[in-house]
Amino acid sequence: MKAVVCTEGRLTVEDLPAPSPARGQVLLNVTRTGICGSDLHARHHADLVADLAAKAGYPDCMRTDQRIVMGHEFVGTVAEYGPGCRKRWPVGTRVVSLPTLMVGSEPQLVGLSERSPGSYAEQVLVQESMTMPVPGKLSDEEAALTEPMAVAWHAVRRAEVGRGQTAIVIGCGPIGLAVISMLRASGVKKIIASDFSPGRRALAKQMGAHVVVDPREQQPWDAYKQPRNEIRRASDLFKLGVSTMDKLTLVPGPLPWWHVFRLADKIGETPSGPVVFECVGVPGMINSIIEAAPLRTRVIVVGVCMEPDRIMPALAGNKEIDLRFVFGYDPGEFHDTLHMMADGKVDVKPLVTGTVGLGGVETAFDALGDPEVHAKILIDPSSTATAP
(Lines give C-alpha, C1' and ligand atoms only; values in the text may rest on other atoms or scores of the structure.)
Protein backbone atom coordinates (compact mmCIF):
# COMPACT_ATOMS: atom_id res chain seq x y z
CA MET A 1 0.00 0.00 0.00
CA LYS A 2 1.03 3.63 -0.43
CA ALA A 3 1.64 5.74 2.68
CA VAL A 4 3.32 8.96 3.72
CA VAL A 5 6.38 8.24 5.86
CA CYS A 6 7.88 10.86 8.17
CA THR A 7 11.49 10.54 9.29
CA GLU A 8 13.96 13.28 10.30
CA GLY A 9 11.30 15.84 9.35
CA ARG A 10 10.97 14.59 5.75
CA LEU A 11 7.65 13.45 4.27
CA THR A 12 7.83 10.91 1.46
CA VAL A 13 5.25 8.74 -0.28
CA GLU A 14 6.37 5.12 -0.17
CA ASP A 15 5.12 1.63 -0.92
CA LEU A 16 4.78 -0.30 2.35
CA PRO A 17 3.61 -3.85 3.07
CA ALA A 18 -0.15 -4.05 3.52
CA PRO A 19 -1.02 -4.31 7.23
CA SER A 20 -2.57 -7.53 8.52
CA PRO A 21 -5.05 -7.38 11.42
CA ALA A 22 -4.05 -9.23 14.58
CA ARG A 23 -6.44 -10.48 17.24
CA GLY A 24 -9.22 -8.00 17.96
CA GLN A 25 -8.13 -5.69 15.14
CA VAL A 26 -9.88 -4.46 12.00
CA LEU A 27 -8.25 -3.38 8.76
CA LEU A 28 -9.79 -0.26 7.20
CA ASN A 29 -9.52 1.22 3.74
CA VAL A 30 -8.97 4.90 4.53
CA THR A 31 -11.33 7.27 2.74
CA ARG A 32 -10.44 10.55 4.48
CA THR A 33 -7.99 11.60 7.14
CA GLY A 34 -7.35 14.96 8.75
CA ILE A 35 -4.06 16.77 9.28
CA CYS A 36 -3.84 17.68 12.96
CA GLY A 37 -1.84 20.52 14.47
CA SER A 38 -0.01 17.96 16.59
CA ASP A 39 1.16 16.29 13.36
CA LEU A 40 2.61 19.60 12.15
CA HIS A 41 4.49 19.98 15.41
CA ALA A 42 5.63 16.36 15.66
CA ARG A 43 7.15 16.47 12.19
CA HIS A 44 10.06 18.57 13.46
CA HIS A 45 9.79 18.27 17.25
CA ALA A 46 8.92 14.62 17.78
CA ASP A 47 11.62 14.06 20.39
CA LEU A 48 10.28 16.84 22.60
CA VAL A 49 6.76 15.42 22.29
CA ALA A 50 8.05 11.94 23.08
CA ASP A 51 9.95 13.13 26.15
CA LEU A 52 6.80 14.78 27.53
CA ALA A 53 4.70 11.70 26.74
CA ALA A 54 7.23 9.50 28.56
CA LYS A 55 6.97 11.69 31.66
CA ALA A 56 3.19 11.25 31.51
CA GLY A 57 3.61 7.47 31.35
CA TYR A 58 3.50 6.68 27.61
CA PRO A 59 7.00 5.59 26.47
CA ASP A 60 6.24 4.71 22.83
CA CYS A 61 5.54 8.10 21.25
CA MET A 62 7.20 8.72 17.87
CA ARG A 63 10.83 9.83 17.65
CA THR A 64 12.48 11.94 14.95
CA ASP A 65 14.76 9.15 13.72
CA GLN A 66 11.94 6.60 13.42
CA ARG A 67 9.90 5.89 10.29
CA ILE A 68 6.40 7.05 11.20
CA VAL A 69 3.12 6.99 9.31
CA MET A 70 1.16 9.76 10.99
CA GLY A 71 -2.60 10.33 11.01
CA HIS A 72 -5.11 9.79 13.83
CA GLU A 73 -8.23 11.59 12.54
CA PHE A 74 -9.86 9.32 9.97
CA VAL A 75 -12.82 7.54 8.48
CA GLY A 76 -12.66 4.37 6.42
CA THR A 77 -14.46 1.23 5.33
CA VAL A 78 -14.12 -2.22 6.88
CA ALA A 79 -11.81 -4.36 4.74
CA GLU A 80 -10.84 -7.34 6.91
CA TYR A 81 -11.22 -8.68 10.45
CA GLY A 82 -8.49 -10.24 12.56
CA PRO A 83 -8.92 -13.37 14.71
CA GLY A 84 -11.24 -13.16 17.70
CA CYS A 85 -13.33 -10.29 16.30
CA ARG A 86 -17.10 -10.19 16.61
CA LYS A 87 -17.31 -8.99 12.99
CA ARG A 88 -19.94 -6.48 14.01
CA TRP A 89 -20.30 -4.82 10.59
CA PRO A 90 -20.24 -6.12 7.00
CA VAL A 91 -17.17 -5.52 4.90
CA GLY A 92 -17.53 -2.11 3.26
CA THR A 93 -19.25 -0.46 6.25
CA ARG A 94 -18.06 3.10 6.91
CA VAL A 95 -16.57 3.47 10.39
CA VAL A 96 -14.53 5.78 12.59
CA SER A 97 -12.35 4.72 15.50
CA LEU A 98 -10.62 6.07 18.55
CA PRO A 99 -6.91 6.01 17.61
CA THR A 100 -5.77 3.48 20.21
CA LEU A 101 -4.62 0.02 19.17
CA MET A 102 -3.48 -2.93 21.27
CA VAL A 103 -0.17 -4.20 19.88
CA GLY A 104 0.63 -7.33 21.83
CA SER A 105 -0.20 -6.42 25.40
CA GLU A 106 0.58 -2.70 25.06
CA PRO A 107 -1.70 0.16 23.90
CA GLN A 108 -0.29 2.24 21.07
CA LEU A 109 -1.49 5.61 19.78
CA VAL A 110 -2.35 5.24 16.11
CA GLY A 111 -0.30 7.61 13.98
CA LEU A 112 1.92 8.64 16.89
CA SER A 113 3.83 5.43 17.38
CA GLU A 114 6.20 3.45 15.18
CA ARG A 115 4.39 0.30 16.32
CA SER A 116 0.99 1.58 15.15
CA PRO A 117 1.11 3.27 11.73
CA GLY A 118 -1.55 5.89 11.15
CA SER A 119 -3.97 6.95 8.45
CA TYR A 120 -1.75 8.93 6.07
CA ALA A 121 -2.05 5.74 4.06
CA GLU A 122 -4.40 3.67 1.96
CA GLN A 123 -5.10 1.37 4.91
CA VAL A 124 -4.94 1.53 8.72
CA LEU A 125 -5.44 -0.92 11.59
CA VAL A 126 -7.92 -0.15 14.39
CA GLN A 127 -9.24 -1.91 17.48
CA GLU A 128 -12.68 -3.42 16.85
CA SER A 129 -13.91 -2.46 20.33
CA MET A 130 -12.93 1.19 19.72
CA THR A 131 -14.67 1.39 16.34
CA MET A 132 -18.09 2.90 15.57
CA PRO A 133 -20.24 2.89 12.42
CA VAL A 134 -20.82 6.20 10.66
CA PRO A 135 -24.48 7.24 10.36
CA GLY A 136 -25.50 7.17 6.72
CA LYS A 137 -26.23 10.87 6.28
CA LEU A 138 -22.78 11.97 7.45
CA SER A 139 -20.24 12.55 4.66
CA ASP A 140 -16.69 11.20 4.79
CA GLU A 141 -15.39 14.77 5.11
CA GLU A 142 -17.53 15.34 8.19
CA ALA A 143 -16.91 11.93 9.75
CA ALA A 144 -13.14 12.42 9.50
CA LEU A 145 -13.46 15.31 11.96
CA THR A 146 -15.00 13.17 14.71
CA GLU A 147 -11.69 12.92 16.57
CA PRO A 148 -10.77 16.65 16.76
CA MET A 149 -14.38 17.58 17.50
CA ALA A 150 -14.37 15.08 20.37
CA VAL A 151 -11.35 16.92 21.81
CA ALA A 152 -13.42 20.11 21.78
CA TRP A 153 -16.48 18.39 23.27
CA HIS A 154 -14.35 17.06 26.12
CA ALA A 155 -13.01 20.57 26.79
CA VAL A 156 -16.52 22.04 26.84
CA ARG A 157 -17.78 19.34 29.20
CA ARG A 158 -14.83 19.87 31.55
CA ALA A 159 -15.49 23.61 31.50
CA GLU A 160 -18.93 23.28 33.10
CA VAL A 161 -20.16 26.59 31.68
CA GLY A 162 -23.01 27.65 33.94
CA ARG A 163 -26.36 29.09 32.96
CA GLY A 164 -25.86 32.72 32.03
CA GLN A 165 -22.06 32.53 32.01
CA THR A 166 -20.03 34.01 29.17
CA ALA A 167 -17.64 31.73 27.25
CA ILE A 168 -14.54 33.35 25.75
CA VAL A 169 -12.40 31.50 23.19
CA ILE A 170 -8.86 32.84 22.78
CA GLY A 171 -7.43 31.62 19.49
CA CYS A 172 -9.56 30.53 16.53
CA GLY A 173 -7.42 27.88 14.91
CA PRO A 174 -9.02 24.50 14.20
CA ILE A 175 -9.36 23.52 17.87
CA GLY A 176 -10.67 26.95 18.90
CA LEU A 177 -13.24 26.82 16.10
CA ALA A 178 -14.24 23.32 17.20
CA VAL A 179 -14.69 24.56 20.79
CA ILE A 180 -16.91 27.39 19.53
CA SER A 181 -19.16 24.98 17.65
CA MET A 182 -19.45 22.69 20.67
CA LEU A 183 -20.25 25.60 22.97
CA ARG A 184 -23.02 26.65 20.60
CA ALA A 185 -24.33 23.08 20.43
CA SER A 186 -24.39 22.85 24.23
CA GLY A 187 -26.61 25.92 24.45
CA VAL A 188 -24.19 28.61 25.68
CA LYS A 189 -25.88 31.95 25.00
CA LYS A 190 -22.86 34.26 24.95
CA ILE A 191 -19.73 33.14 23.06
CA ILE A 192 -16.91 35.64 22.47
CA ALA A 193 -14.09 34.70 20.09
CA SER A 194 -10.74 36.48 19.82
CA ASP A 195 -8.09 36.12 17.11
CA PHE A 196 -5.69 38.36 15.20
CA SER A 197 -6.60 36.75 11.86
CA PRO A 198 -9.56 38.23 9.93
CA GLY A 199 -10.07 34.89 8.17
CA ARG A 200 -10.26 32.98 11.43
CA ARG A 201 -12.60 35.56 12.94
CA ALA A 202 -14.92 35.09 9.97
CA LEU A 203 -14.85 31.32 10.48
CA ALA A 204 -15.49 31.79 14.21
CA LYS A 205 -18.68 33.65 13.33
CA GLN A 206 -19.70 30.82 10.99
CA MET A 207 -19.06 28.22 13.68
CA GLY A 208 -21.33 29.96 16.18
CA ALA A 209 -19.54 32.80 17.99
CA HIS A 210 -21.93 35.60 18.94
CA VAL A 211 -19.18 38.25 19.03
CA VAL A 212 -15.72 38.21 17.43
CA VAL A 213 -12.94 40.62 18.36
CA ASP A 214 -9.51 41.60 17.09
CA PRO A 215 -7.35 41.71 20.26
CA ARG A 216 -5.35 44.58 18.75
CA GLU A 217 -8.47 46.69 18.95
CA GLN A 218 -10.54 45.28 21.81
CA GLN A 219 -10.06 42.84 24.66
CA PRO A 220 -12.66 40.06 24.82
CA TRP A 221 -13.71 41.00 28.39
CA ASP A 222 -14.77 44.41 27.02
CA ALA A 223 -16.87 42.94 24.20
CA TYR A 224 -19.97 42.08 26.22
CA LYS A 225 -22.21 43.63 28.83
CA GLN A 226 -20.78 42.93 32.27
CA PRO A 227 -23.16 40.74 34.34
CA ARG A 228 -23.96 42.13 37.75
CA ASN A 229 -22.15 39.28 39.49
CA GLU A 230 -18.94 39.68 37.43
CA ILE A 231 -16.27 41.60 39.34
CA ARG A 232 -13.34 43.20 37.53
CA ARG A 233 -11.38 44.69 40.45
CA ALA A 234 -10.56 43.50 43.97
CA SER A 235 -11.68 46.82 45.43
CA ASP A 236 -15.12 46.31 43.85
CA LEU A 237 -15.34 42.90 45.53
CA PHE A 238 -14.49 44.39 48.93
CA LYS A 239 -17.03 47.17 48.39
CA LEU A 240 -19.69 44.61 47.46
CA GLY A 241 -18.94 42.64 50.63
CA VAL A 242 -19.36 45.67 52.87
CA SER A 243 -22.54 46.92 51.16
CA THR A 244 -24.08 43.43 51.26
CA MET A 245 -23.39 43.05 54.98
CA ASP A 246 -24.74 46.52 55.65
CA LYS A 247 -28.05 45.43 54.11
CA LEU A 248 -28.23 41.89 55.48
CA THR A 249 -27.55 42.80 59.08
CA LEU A 250 -30.43 45.28 59.00
CA VAL A 251 -32.99 42.77 57.76
CA PRO A 252 -35.19 41.37 60.58
CA GLY A 253 -36.53 37.84 60.48
CA PRO A 254 -35.81 34.28 61.49
CA LEU A 255 -33.27 33.54 58.69
CA PRO A 256 -29.70 34.45 59.78
CA TRP A 257 -27.61 36.43 57.30
CA TRP A 258 -25.10 33.61 56.86
CA HIS A 259 -27.85 31.33 55.59
CA VAL A 260 -28.74 33.97 53.00
CA PHE A 261 -25.10 33.97 51.91
CA ARG A 262 -25.08 30.21 51.39
CA LEU A 263 -28.39 30.36 49.49
CA ALA A 264 -27.01 33.06 47.17
CA ASP A 265 -23.99 30.86 46.51
CA LYS A 266 -26.19 27.88 45.57
CA ILE A 267 -28.28 29.83 43.07
CA GLY A 268 -25.26 31.50 41.44
CA GLU A 269 -25.74 34.99 42.78
CA THR A 270 -22.25 35.31 44.28
CA PRO A 271 -19.40 36.82 42.21
CA SER A 272 -18.40 34.72 39.20
CA GLY A 273 -16.28 35.37 36.11
CA PRO A 274 -16.48 34.07 32.55
CA VAL A 275 -15.15 30.73 31.31
CA VAL A 276 -12.10 31.24 29.09
CA PHE A 277 -10.79 28.64 26.65
CA GLU A 278 -7.09 29.14 25.93
CA CYS A 279 -6.65 27.64 22.45
CA VAL A 280 -3.37 29.20 21.39
CA GLY A 281 -0.68 27.26 23.23
CA VAL A 282 2.18 29.78 23.24
CA PRO A 283 4.31 30.83 26.23
CA GLY A 284 2.88 33.77 28.16
CA MET A 285 -0.73 33.26 27.09
CA ILE A 286 -1.94 31.70 30.35
CA ASN A 287 -0.38 34.44 32.46
CA SER A 288 -1.76 37.19 30.22
CA ILE A 289 -5.24 35.74 30.79
CA ILE A 290 -4.64 35.58 34.56
CA GLU A 291 -3.61 39.26 34.53
CA ALA A 292 -6.51 40.54 32.43
CA ALA A 293 -9.48 38.30 33.22
CA PRO A 294 -12.17 39.20 35.78
CA LEU A 295 -12.06 37.72 39.27
CA ARG A 296 -13.13 34.07 39.61
CA THR A 297 -12.61 33.34 35.93
CA ARG A 298 -12.32 29.67 35.01
CA VAL A 299 -9.57 29.05 32.44
CA ILE A 300 -9.69 25.86 30.35
CA VAL A 301 -6.26 25.27 28.83
CA VAL A 302 -6.87 23.50 25.51
CA GLY A 303 -3.87 24.84 23.59
CA VAL A 304 -0.75 22.69 23.76
CA CYS A 305 2.29 24.73 24.75
CA MET A 306 5.42 22.64 24.21
CA GLU A 307 7.80 25.08 25.88
CA PRO A 308 8.39 26.02 29.53
CA ASP A 309 6.10 28.82 30.68
CA ARG A 310 5.75 31.11 33.68
CA ILE A 311 2.72 32.29 35.61
CA MET A 312 2.27 34.43 38.71
CA PRO A 313 0.56 32.04 41.17
CA ALA A 314 -0.06 34.75 43.77
CA LEU A 315 -2.00 36.87 41.28
CA ALA A 316 -4.04 33.85 40.20
CA GLY A 317 -4.71 33.12 43.87
CA ASN A 318 -5.72 36.70 44.69
CA LYS A 319 -8.19 36.67 41.81
CA GLU A 320 -9.28 33.06 42.51
CA ILE A 321 -8.58 32.05 38.92
CA ASP A 322 -9.48 28.41 38.29
CA LEU A 323 -7.06 26.62 35.91
CA ARG A 324 -8.13 23.36 34.25
CA PHE A 325 -5.92 21.56 31.76
CA VAL A 326 -7.62 19.19 29.31
CA PHE A 327 -6.44 16.50 26.94
CA GLY A 328 -8.19 14.05 24.62
CA TYR A 329 -11.64 12.59 25.28
CA ASP A 330 -13.29 9.36 26.39
CA PRO A 331 -15.14 6.81 24.21
CA GLY A 332 -18.52 8.17 25.30
CA GLU A 333 -17.56 11.69 24.20
CA PHE A 334 -16.28 10.32 20.88
CA HIS A 335 -19.63 8.58 20.32
CA ASP A 336 -21.58 11.69 21.37
CA THR A 337 -19.59 13.83 18.96
CA LEU A 338 -20.21 11.50 16.01
CA HIS A 339 -23.96 11.59 16.59
CA MET A 340 -24.11 15.33 17.33
CA MET A 341 -22.68 15.86 13.85
CA ALA A 342 -25.00 13.28 12.29
CA ASP A 343 -28.04 14.86 13.96
CA GLY A 344 -27.17 18.32 12.65
CA LYS A 345 -26.40 19.80 16.07
CA VAL A 346 -22.83 20.54 14.96
CA ASP A 347 -21.91 21.65 11.43
CA VAL A 348 -18.23 21.03 10.69
CA LYS A 349 -18.36 21.64 6.94
CA PRO A 350 -16.97 25.22 7.16
CA LEU A 351 -13.83 23.86 8.81
CA VAL A 352 -12.77 21.83 5.76
CA THR A 353 -10.88 24.21 3.46
CA GLY A 354 -8.96 21.81 1.24
CA THR A 355 -8.26 18.21 0.23
CA VAL A 356 -5.12 16.57 -1.14
CA GLY A 357 -3.92 13.11 -2.07
CA LEU A 358 -0.99 11.40 -0.39
CA GLY A 359 1.34 13.18 -2.80
CA GLY A 360 0.13 16.56 -1.59
CA VAL A 361 0.68 16.08 2.15
CA GLU A 362 3.92 18.08 2.31
CA THR A 363 2.32 20.94 0.39
CA ALA A 364 -0.66 20.81 2.76
CA PHE A 365 1.63 21.00 5.79
CA ASP A 366 3.17 24.18 4.35
CA ALA A 367 -0.23 25.65 3.45
CA LEU A 368 -1.54 25.21 6.99
CA GLY A 369 1.03 27.75 8.14
CA ASP A 370 -1.12 30.55 6.69
CA PRO A 371 -4.15 31.17 8.94
CA GLU A 372 -5.84 33.31 6.30
CA VAL A 373 -6.19 30.46 3.82
CA HIS A 374 -6.79 27.14 5.56
CA ALA A 375 -8.37 25.72 8.71
CA LYS A 376 -8.54 21.96 8.12
CA ILE A 377 -7.03 20.08 5.20
CA LEU A 378 -8.10 16.48 4.60
CA ILE A 379 -6.23 13.70 2.82
CA ASP A 380 -8.02 11.47 0.30
CA PRO A 381 -5.69 8.53 -0.42
CA SER A 382 -7.46 7.91 -3.73
CA SER A 383 -6.90 11.48 -4.95
CA THR A 384 -4.04 12.69 -7.16
CA ALA A 385 -4.37 16.30 -5.98
CA THR A 386 -1.01 17.74 -4.92
CA ALA A 387 -2.28 21.09 -3.65
CA PRO A 388 -5.27 21.91 -1.39
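Details of the structure are given in the entry above.
Residues numbered from 1 in each chain as written. Predicted model: local features only at pLDDT ≥ 70, side-chain atom pairs only at ≥ 80, totals over all residues. Heavy atoms only, no water.

Description of the pairing of strand β14 (residues 298–301)
Selection rule: Burial classes follow relative accessibility: with a 1.4 Å probe on protein chains only, a residue under 20% of its type's maximum area counts as buried, one over 50% as exposed, and anything between as partly exposed. Runs of H or I in DSSP of at least four residues are treated as helices and runs of E of at least two as strands, each being numbered from the N terminus. Only strands that DSSP links by at least two bridges are regarded as paired with each other. Crossover handedness is defined here as right-handed if the route from the first strand over the helix to the second strand goes clockwise, with the strands pointing away from the viewer.
Burial of the side chains of β14 extends over both faces: Arg298 and Ile300 are buried on one face and Val299 and Val301 on the other. Summarising the sheet, β14 and strand β15 (residues 322–325) pair through four bridges and their orientation is parallel. Residue Val299 lies in a different strand from β15, and its bridge partner there is Leu323. What joins β14 to β15 is helix α9 (residues 313–318), and the crossover it makes is right-handed.

Some words on unusual backbone geometry
The phi torsion of most residues other than glycine is negative, and most of the peptide bonds are trans. Residue Glu8 is not a glycine yet carries a positive backbone phi of 50°. Secondary-structure assignment places Glu8 in the loop between β1 (2–7) and β2 (10–15). Not every positive phi belongs to a glycine, and Glu160 is a case in point at roughly 50°. Here Glu160 lies in the loop between α3 (146–159) and β10 (167–170).

Description of the packing of aromatic side chains
Convention followed: Centre distance within 6.5 Å is the pairing criterion for rings of Phe, Tyr and Trp, where only the six-membered ring of Trp is used; planes under 30 degrees apart are then read as stacked, over 60 as edge-to-face, and the remainder as tilted.
If you walk through the whole model with that rule in mind, you get two aromatic pairs. With a centroid separation of 5.7 Å and 40° between ring planes, the pair formed by Tyr329 and Phe334 is classed as tilted.

A few points about the pattern of salt bridges
Side chains bearing opposite charge may pair, as long as their charged atoms lie close to each other. The condition is simple: For salt bridges, the criterion is a side-chain nitrogen of Lys or Arg within 4 Å of an Asp or Glu carboxyl oxygen.
Evaluated as defined, the whole model comprises 19 salt bridges. Across the pair Asp214 and Arg216 runs a salt bridge, and its minimum N-O distance is 3.1 Å. Judged by relative accessible area, which is 11%, Asp214 ranks as buried. Residue Arg298 pairs with Asp322 through a salt bridge whose shortest N-O separation is 3.6 Å. Of this pair, Arg298 sits in strand β14 while Asp322 sits in strand β15, placing them 24 residues apart in sequence. Overall, Arg298 belongs to the buried group, its relative accessible area being 19%.

Quick notes on the sheet that holds strand β11 (residues 191–194)
Hydrogen bonding along the main chain pairs the strands of a sheet, whether they run parallel or antiparallel. Counted only if it meets this: Only the stretch in contact is used when a helix axis is fitted, and all axes are lines through C-alpha atoms; the angle between N-to-C directions ranges over 0 to 180 degrees. When checking whether two residues touch, look at their non-hydrogen atoms; a contact exists if any pair is within 4.5 Å.
Spatially, the six strands line up as an open sheet ordered β12-β11-β10-β13-β14-β15, and their pairing is parallel. Across the chains shown, the open sheet's two edge strands, defined by having one partner strand only, are β12 (211–213) and β15. Strand after strand, the sheet turns through a mean of 20° between neighbouring axes, direction not considered. Here helix α5 (residues 198–207) sits on the sheet in contact with β11 and β12, set at roughly 170° to β12.

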